[in-house]
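These are the residues of each chain, in order.
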Amino acid sequence: MISQSLRDARKYEETMEQKIGKEERPGFHLAARVGWMNDPNGFSRYDGEYHLFYQYHPYDSHWGPMHWGHAVSKDLLHWEYRPAALAPDTEYDRDGCFSGSAVTLPDGRQLLMYTGVSRQMQPDGSVRDVQVQCAAAGDGTDYEKCAQNPVLTEKDLPEGGSRFDFRDPKLWQKPDGTYGCVVGNCTADGDGRVLLYHSPDGMHWNFKGVLAANNRRFGRMWECPDFFLLDGKAVLLVSPQDMLPQGFEYHNGNGTLCLIGSYDEAAETFAEEHHQAVDYGIDFYAPQTVLAPDGRRIMIGWMQNWDTCNLHTPDQPWFGQMSLPRELSVKDGRLYQKPVRELERLRTGQVRYENVTFSDLLRLDGVNGRRVDMELFIRPADAEHSYRKFAVRFAQNDSYQTSVSFRPYESIVKVDRKFSGSRRALIHQRRCLVNSAGGALKLRIILDQFSAEIFVNDGEHVLTVTMYTESAAEGISFYADGDVTMDVVKYELNA
Ligand code: FRU
């Protein structure tokens, strides 16, 4: 049974999306069908396709009562919208269907597990949002909320767990057919942790233990956990709120933390070995991963930042995009990210330059555009005397530009969108400490209409920023202070 609220949302999105021209949208990044989008949800394979749901408020380009939007894709780059999947329409989720995930049940239905939010009067008279986990099953388009709901409530919390911060279940199916699930939580005094649950059928869940605890190291509440094995290691992704910066890590307040360690299957314990930020730019949060049929672990994140996402005008018909899907790997205790290889199928019009040496401003014929995949390899022209600074500027015309620069003496890559068209005092720059031997650096820059994703040294560091620059600004230029030698391979990306 489809509720009236869901029917209304579906009708609304179908009508309103027609008012948004193709050119007003990103070329190959998923954006809200209409209205507001935040976290990726239910990133999964079902019926031969990738399914991606998202936190969705169709009626406004600002956050509001959360629905689940829905899109499907064969190649992770061309997305087709399906009707909204969930609306806040029952007692236990009347104030929002928050983030969650998806798996396939043995009977062929797709199971969604999500957080139901309801505002409730507390014994002390205050009104608080109570969070429980809920299930819905369906056929890839229509989903029915399960009669057993909610399937996890405060009684499933370990001692001291907050029922106001208990959200974002991420499910997986185990080789024996049973299910595992991690959920974000915090203690009563606001310290984040990840809880582990098991279920024989996806409906009945048992608490297994605290998989990881913050112990006041990384922010406060831990949102949107994801847990998987990769390259012989166990990886826990989690998005802590309110982090303090540590050196060059965690500069966004709310950002995504990657913990790499080992998992003891029998004891069900995770031993942390390394930690790092997942993205060193400005706009990346709450990622979720899927296991592709060929074994790749693919991650997609919300390409926004909670501190800067409320400054757009209300008349904007959509707000919020997903990042590029990225292939993950672990090498020497570090998470690496690469754009999914499917992106290479969108490449056209190769332009290539080798061994270009320059020491000032440089423009290269054929190097421009706003939907671009560009690889740069830069190094000092003279190994004895390094250059002082290299920069590439894009989304550029007389008024605008966004830039990525590198100073080899500091080993710092900086992204700067100050001149991208922003009229607000929001964060425009981010600096990232990278590895460079003798001033050599590899950059791969993926530009779409409203974003730049910068992969440094084959994905050892990634910086993601949105830029809402007018589309006429499609220049690309280079700058060197000192003598730089550069190879460039540039493609148009045609979705
Ligand atoms: C993370 C988050 C989640 C929550 C959702 C609500 O961005 O705060 O914890 O489920 O967004 O929209």
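You'll find the structure just up there.
The shown structure was predicted, so the numbers you read here are calculated from the model rather than taken from an experiment.

Caption draft 1: Spatial organisation of the state of the cysteines. A full pass over the atoms with the stated rule returns 0 disulfides. No disulfide involves Cys258; its nearest neighbouring cysteine sulfur is the one of Cys432, lying 14 Å away. Of the cysteine sulfurs around Cys309, a residue in no disulfide, the closest is that of Cys224, at 14 Å. Overall, Cys309 belongs to the buried group, its relative accessible area being 0%.

Caption draft 2: Examining the nonpolar core more closely. With 57 residues, the main nonpolar core has Met374, Leu376, Phe390, Val392, Phe394, Phe478 and Met486 as its most contacted residues. Counting 34 residues, the second-largest nonpolar core is a separate cluster that includes Phe28, Ala32, Met37 and Val340.

Caption draft 3: Geometry of the site of the ligand. For the ligand, the set of nearby residues contains 13 residues, the closest of which are Asp39, Gln55, Arg167, Asp168 and Glu223. Within the side chain of Asp168, a nitrogen or oxygen atom sits 2.5 Å from an oxygen atom of the ligand. Contacts to the ligand include Glu223, whose side-chain N or O atom sits 2.7 Å from an oxygen atom. When the ligand is considered free in solution it has 320 Å² of accessible area, and contact with the protein chains removes 95% of it. Counting only elements with at least two residues in the shell around the ligand, the list comes to β1 (35–46), β5 (97–104), β9 (161–173) and β13 (222–230). A breakdown of the residues in the shell around the ligand according to their chemical character gives 6 nonpolar, 3 polar and 4 charged.

Caption draft 4: The sheet that holds strand β3 (residues 67–73), seen in detail. In spatial order, the strands read β4-β3-β2-β1-β19; together these 5 strands make up an open sheet with mixed pairing. Each of the sheet's edge strands pairs with one partner strand only, and the pair in question is β4 (80–86) and β19 (318–319). Sheet topology places β3 next to β4; 4 bridges connect them, and they run antiparallel. By the bridge assignment, Trp68 is partnered in β4 with Leu86. Across the sheet, helix α1 (residues 4–17) touches β2 (49–57), β3 and β4, and the angle it forms with β4 is around 155°.

Caption draft 5: Inspection of the pairing of β9 at higher detail. Sheet topology places β9 next to strand β10 (residues 179–187); 7 bridges connect them, and they run antiparallel. For Gln173, the partnering residue across the bridge sits in β10 and is Tyr179. The turn joining β9 and β10, which pair antiparallel and follow one another in sequence, is formed by 5 residues; a positive phi near 90° is taken by Gly177.

Caption draft 6: Spatial organisation of the pattern of salt bridges. Within this structure, the stated rule accounts for 37 salt bridges. Asp189 is the salt-bridge partner of Arg216, the closest N and O atoms lying 2.8 Å from each other. Here Arg216 is found in the loop between β12 (206–213) and β13, whereas its partner Asp189 is found in the loop between β10 and β11 (192–199), with 27 residues between them in sequence. Look at Arg216 and you get exposed, because its relative accessible area is 52%. Residue Asp189 is classed as exposed on the basis of its relative accessible area, which comes to 54%. Taking the shortest distance from any N to any O, the salt bridge between Arg347 and Glu375 comes out at 4.0 Å. Remark: Glu375 occurs in strand β24 (residues 372–380) and Arg347 occurs in strand β22 (residues 347–358); sequence separation between them is 28 residues. Residue classification places Glu375 among the partly exposed residues on the basis of a relative accessible area of 32%. Residues joined in a network through salt bridges with shared partners are Asp294, Arg296, Glu327, Arg341 and Glu342.

Analysis parameters
- Residues numbered from 1 in each chain as written.
- Predicted model: local features only at pLDDT ≥ 70, side-chain atom pairs only at ≥ 80, totals over all residues.
- Heavy atoms only, no water.
- Disulfide = S-S within 2.5 Å.
- Buried < 20%, exposed > 50% of the residue type's maximum accessible area, 1.4 Å probe, protein only.
- Core = buried A, V, L, I, M, F, W, Y, C linked by side-chain atoms within 4.5 Å.
- Near = heavy atom within 4 Å.
- Polar contact = N/O pair within 3.5 Å; in protein donor to acceptor, adjacent residues only side chain to side chain.
- Areas by Shrake-Rupley, 256 points an atom, 1.4 Å probe, with all protein chains shown as cover.
- Helix = DSSP H or I, 4+ residues; strand = E, 2+ residues; numbered from the N terminus.
- Nonpolar A, V, L, I, M, F, W, Y, C, P; charged D, E, K, R; others polar.
- Pairing = 2+ DSSP bridges.
- Contact = heavy atoms within 4.5 Å.
- Axes fitted to C-alpha atoms, helices over the stretch in contact; angles between N-to-C directions.
- Salt bridge = Lys/Arg side-chain N within 4 Å of Asp/Glu carboxyl O.

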